[in-house]
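Remarks on the overall topology
Each chain, written out:
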Amino acid sequence: RHVLIITGDPAKTGNQPGASSVYNVNSIGAIKLVAGLNEGVNAAGASIRRATGFNIGCGFNPNFKNLQFEVNKLKRKVEAGAKYVLTQLVFDAPRYAESVRMAREAGITVPIFPAIYPLLSKRNAEFIHNELPGAKLPDTILERMRQADPKAAAREGVQIGRELIEQMRPYSDGMYVVAPMNKCELAMELV
């Protein structure tokens, strides 16, 4: 019953040879479409005889340079029918707090859940910082992961995750933990 509607990545970055990207609707259009299904109508406004009951979620990037732009886009997603928000990976608690403050001031009242990711290593931290669109690590966290003993780097990543949870708890309606590289045991420690 829960549907997370996000734009996603271009098909060329996936693992399906021959797949092509389709951009007939953006995330806001897709949210409107599913919200319409919940009202019992299809994209053309015709009855589907029985309404669906999807709980619609959307994405939000509190790391985006122009935070006001991102908050405005989030507001349009909520107005289209989103009932909860999942963020990109968050490593900057003050930036997250500011994004939530701005969202609330814009009248966005739906729950916002930040993504917590326990870093694995210096290499993992640098990859996320430099290569993962929508995610940035503060210099202090990058330096901690650079200085961590390679054999204990995942422990440092879990500790950073714990600290972020505590710092973001006052501004969050809950959180979700992303298992790094399918290492569920590290995610479970934070849960």
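Here, the structure is the one placed above.
Presented here is an overview of the structure given in this document. (Residues numbered from 1 in each chain as written. Predicted model: local features only at pLDDT ≥ 70, side-chain atom pairs only at ≥ 80, totals over all residues. Heavy atoms only, no water.)

Focus: the packing of aromatic side chains
Keep this limit in mind: Two rings from Phe, Tyr or Trp (for Trp, the six-membered ring) form a pair when their centres sit within 6.5 Å of each other. Planes less than 30 degrees apart are called stacked, planes more than 60 degrees apart edge-to-face, and all others tilted. In DSSP terms, a helix is any run of H or I states spanning at least four residues, a strand is any run of E spanning at least two, and both are numbered starting from the N terminus. The cut-offs for exposure are 20% and 50% of the maximum accessible area for each residue type, with area from a 1.4 Å probe on protein chains only; residues under the lower value are buried, those over the upper are exposed, and the others partly exposed.
Under the definition given, this model contains three aromatic pairs. Here Tyr84 and Phe113 contribute two aromatic rings whose centre-to-centre distance is 6.5 Å and whose plane-to-plane angle is 65°, an arrangement assigned as edge-to-face. One end of the pair, Tyr84, is in strand S3 (residues 84–89); the other, Phe113, is in strand S4 (residues 112–116), with 29 residues separating them in the sequence. Since its relative accessible area comes to 12%, Tyr84 is described here as buried. Here Phe91 and Tyr117 contribute two aromatic rings whose centre-to-centre distance is 6.5 Å and whose plane-to-plane angle is 75°, an arrangement assigned as edge-to-face. Linking Phe91 in the loop between S3 and helix H3 (93–105) with Tyr117 in the loop between S4 and helix H4 (122–131), this pair joins segments that are 26 residues apart in sequence. Considered together, Phe91 and Tyr117 belong to a single accessibility category, that of buried residues.

Quick notes on the packing of helix H5 (residues 139–147) against helix H6 (residues 153–168)
What counts here: Fitted lines through C-alpha atoms give the axes, limited to the stretch in contact for helices. The angle between two N-to-C directions lies from 0 to 180 degrees. Every angle not falling under 35 degrees, over 145, or within 65 to 115 is termed oblique; those three ranges are roughly parallel, roughly antiparallel and roughly perpendicular. Should the near helix be turned counterclockwise from the far one by less than a right angle, the crossing is left-handed, whereas a clockwise turn marks it as right-handed. Contact between two residues is taken to exist if any of their heavy atoms lie within 4.5 Å; hydrogens are not considered. As a working rule, the residues Ala, Val, Leu, Ile, Met, Phe, Trp, Tyr, Cys and Pro are called nonpolar, Asp, Glu, Lys and Arg charged, and the rest polar, with Gly in that last group.
As a packed pair, H5 and H6 sit with axes 9 Å apart at the nearest point and diverge in direction by 155°. Here H5 lies roughly antiparallel to H6, going by the angle between them. Every pair of crossing elements has a handedness; the one defined by H5 and H6 is right-handed. When H5 is examined against H6, the residues Ile141, Arg144 and Met145 are found in contact with a partner set consisting of Ala153, Glu156, Gly157, Gln159, Ile160, Glu163 and Leu164. Considering only residue class, the contact of H5 with H6 consists of five nonpolar, two polar and three charged.

Some thoughts on the pattern of salt bridges
For clarity, the threshold we go by: Only one rule defines a salt bridge in this text: a Lys or Arg side-chain nitrogen within 4 Å of an Asp or Glu carboxyl oxygen.
Here the structure, examined in full by the defined rule, presents eleven salt bridges. Of the charged contacts in the structure, one is a salt bridge between Glu98 and Arg101, with a shortest N-O distance of 2.4 Å. You can see Glu98 and its partner Arg101 sitting in helix H3, three residues apart, about one turn around the helix. A residue is classified by how much of its surface remains accessible, and Arg101, at 37% relative accessible area, is partly exposed. The partner of Arg101 in a salt bridge is Glu105, with the nearest N and O atoms 2.6 Å apart. With Arg101 and Glu105 both in helix H3 and four residues apart, this pair spans about one turn of that helix. One connected set of salt bridges, linked through shared partners, spans Glu98, Arg101 and Glu105.

Section: the layout of surface pockets
Going by this rule: A 1.4 Å probe that fits but cannot get out identifies a cavity on a 1 Å grid over protein atoms alone, an open set with protein on both sides within 12 Å along at least five of seven lines counts as a pocket, and a residue lines either if it has an atom within 4 Å of a point. Grid points are joined across faces, edges and corners, and a volume is the space filled by probe spheres set on the points.
Of the pockets and cavities examined, the second largest pocket occupies roughly 320 Å³. Taken together, 13 residues form the lining of the second largest pocket, with Leu89, Tyr117, Ile128, Leu132 and Val178 sitting closest to its centre. Those elements giving two or more residues to the lining of the second largest pocket turn out to be S3 and H4. Split by residue class, the lining of the second largest pocket holds ten nonpolar, three polar and no charged.

Quick word on the sheet that holds strand S2 (residues 55–60)
Stated formally: Only strands joined by at least two bridges in the DSSP assignment are considered to pair.
Reading across the sheet, the five strands line up as S1-S2-S3-S4-S5 and stay open at both edges, with parallel pairing between neighbours. Because the sheet does not close on itself, it has two edges, and the strands there are strand S1 (2–5) and strand S5 (176–177). Sheet analysis places S1 next to S2, joined by four bridges and oriented parallel. Its bridge partner being in S2, His2 is matched across the sheet by Asn55. Its contacts with the sheet place helix H1 (residues 27–39) against S1 and S2, and it is angled at close to 170° to S2. Docked against the sheet, H3 engages S2, S3 and S4, running at close to 165° with respect to S4.

Thoughts on the pairing of S4
Using the following cut-off: Classification remark: right-handed applies to a crossover when, strands pointing away from the viewer, the course from the first strand over the helix to the second runs clockwise.
Burial analysis of S4 places four of its five residues in the buried class, which makes it a mostly covered element. Where S3 meets S4, three bridges bridge the pair, whose relative direction is parallel. Within S4, the position partnered with Val85 by the bridge is Ile112. Read from S3 through H3 to S4, the crossover connection turns out right-handed. Bridge count between S4 and S5: two bridges; the pairing is parallel. Counted as the bridge partner of Ala115 is Tyr176 from S5.

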